[in-house]
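Observations on chain architecture
Listed below are the residues making up each chain.
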Amino acid sequence: SSGIKIAKPSDDPARSATISTLQNTLGRIARHSQRIDYGVGMLEHQESTLNSANDIIIRIKEIGTQAANETVSSQTRAQMAEEVWRLRDQLAALANTKYQGSFVYGAADDGVPAFDLHDPTTIPIGQTVPAAGDSATRYQWHSGSGSQTTRMVQITDDQQVRVNTPGDRVFARAIGAAEILG
């Protein structure tokens, strides 16, 4: 009357084993599906972040081209430099973006931002010595333990997909270039 042919394993041991195997398989598929959803979400978040970063880099390039014109006054160049510094801060904020509570570009250092602000005496990314008279703070890649590790997501029993790249490979040169231009 319940519609269940096998109420307990001893009713039919062979079918019980098959049922158990199928239940385990369904559980594995559900776990893979959850990890795939996480991976897709992480990659979509990164795509959006990188599109925003690309827009910022294009604007920085435009400012650099405009500032190279000899007819631009020093006051206008100073205003352009301020905009470059603001854009650099926006790039660093994108580099320190989080997805589901973890820093995306911090590699295996989930709880540590990829880039930290440092005082003016810190040597900026891309330079060997600080620029003379430059008092702006600089961003520095957090190179702690695990900062070069990529995050892998298990999508099947035997396949993994990489879902991030350490931030220094993605943002360091752009942030450093903005600091030099600024």
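Chains are numbered independently. Their residues run from 1 in the order of the written sequence. Restriction of local features to residues with pLDDT of at least 70 applies here, the model being predicted, together with a cutoff of 80 or more for giving and counting side-chain atom pairs; totals for whole chains, interfaces and linings are based on all residues. Neither water nor hydrogens contribute to the side-chain values; these are computed over all heavy atoms in the structure.

Examining the overall build of the chain
Helix and strand definitions follow DSSP, with helices as H or I runs of at least four residues and strands as E runs of at least two, each counted in order from the N terminus. Along the chain, the regular secondary structure elements total four helices and six strands. Each helix and strand of the chain, ordered N terminal to C terminal, gives the series α-α-β-β-β-β-β-β-α-α. For the chain, with 182 residues in total, the buried portion stands at 31%. Pairs at least 24 residues apart make up 60% of the contacts formed inside the chain by residues separated by at least 6 positions. With an accessible surface of roughly 11000 Å², the chain has 53% of that area assigned to carbon and sulfur atoms. Accessibility here uses a 1.4 Å probe with only protein chains present; expressed as a share of the type maximum, an area under 20% marks a residue as buried, one over 50% as exposed, and anything in between as partly exposed. We call two residues in contact whenever any of their non-hydrogen atoms come within 4.5 Å of each other. Working definition of accessibility: Shrake-Rupley area with a 1.4 Å probe, residue cover restricted to the visible protein chains.

Some points on the packing of helix α2 (residues 74-95) against helix α4 (residues 172-181)
As a packed pair, α2 and α4 sit with axes 9 Å apart at the nearest point and diverge in direction by 165°. Here α2 is positioned roughly antiparallel relative to α4, judged by the angle of their axes. Here α2 runs over α4; the crossing is left-handed. Only Ala174, Ile175, Ala178, Glu179 and Leu181 of α4 make contact with α2, whose side of the interface consists of Val84, Trp85, Arg88, Leu91, Ala92 and Ala95. A fitted line through C-alpha atoms serves as each axis, taken over the contacting stretch for helices, and the angle formed by two N-to-C directions is quoted from 0 to 180°. By definition in this entry, angles of less than 35 degrees are roughly parallel, angles greater than 145 are roughly antiparallel, angles of 65 to 115 are roughly perpendicular, and the rest are oblique. Crossing handedness is read from the near helix: turned anticlockwise from the far helix by less than a right angle, it gives a left-handed crossing, and turned clockwise, a right-handed one.

So, α2
Taking 1.5 Å as the rise per residue, α2 with 22 residues should run 32 Å; its terminal C-alpha atoms sit 31 Å apart, in good agreement. Residues Met80, Ala81, Val84, Trp85, Leu87, Arg88, Leu91, Ala92, Leu94 and Ala95 constitute the buried set of α2. By this rule, a helix spans an expected 1.5 Å times one less than how many residues it contains.

Digging into the packing of helix α1 (residues 13-67) against α2
Relative orientation of the contacting elements α1 and α2 amounts to 165°, with a least axis distance of 10 Å. Looking at the two axes, α1 sits roughly antiparallel to α2. The handedness of the crossing between α1 and α2 is left-handed. Side by side, α1 and α2 meet where Thr49, Ser52, Ala53, Ile56, Ile57, Arg59, Ile60, Ile63, Gln66 and Ala67 of the first sit next to Arg77, Met80, Glu83, Val84, Leu87, Gln90, Leu91 and Leu94 of the second. Within the contact of α1 with α2, the residues separate by chemical class into eleven nonpolar, four polar and three charged. Side-chain classes follow a simple rule in which Ala, Val, Leu, Ile, Met, Phe, Trp, Tyr, Cys and Pro form the nonpolar group, Asp, Glu, Lys and Arg form the charged group, and the remainder, Gly included, forms the polar group.

Some words on the confidence of the model for the chain
In low-pLDDT regions, the fine details of the predicted coordinates are not to be read closely. A residue's pLDDT is simply how confident the predictor is in it, with values from 0 to 100. Per-residue confidence for the chain gives a mean pLDDT of 83; residues scoring 70 or more make up 84%. Contacts for the low-pLDDT stretch residues 128-133, under 50 throughout, to residues beyond four places or in other chains number eight contacts.

Re the pattern of salt bridges
The working definition used for a salt bridge is a side-chain nitrogen of Lys or Arg within 4 Å of a carboxyl oxygen of Asp or Glu. Going through the model one piece at a time under the given rule, you end up with five salt bridges. A salt bridge links Glu83 to Arg59; the shortest N-O distance between them is 2.9 Å. Of this pair, Glu83 sits in helix α2 while Arg59 sits in helix α1, and the two are 24 residues apart along the sequence. Judged by its relative accessible area of 26%, Arg59 is partly exposed. Between Asp89 and Arg88 there is a salt bridge, with the nearest N and O atoms lying 2.8 Å from each other. Since its relative accessible area comes to 31%, Asp89 is described here as partly exposed. Taking the relative accessible area as the measure of exposure, Arg88 reaches 3% and is therefore buried. Among the charged side chains, a salt-bridge network with shared partners connects Arg59, Glu62 and Glu83.

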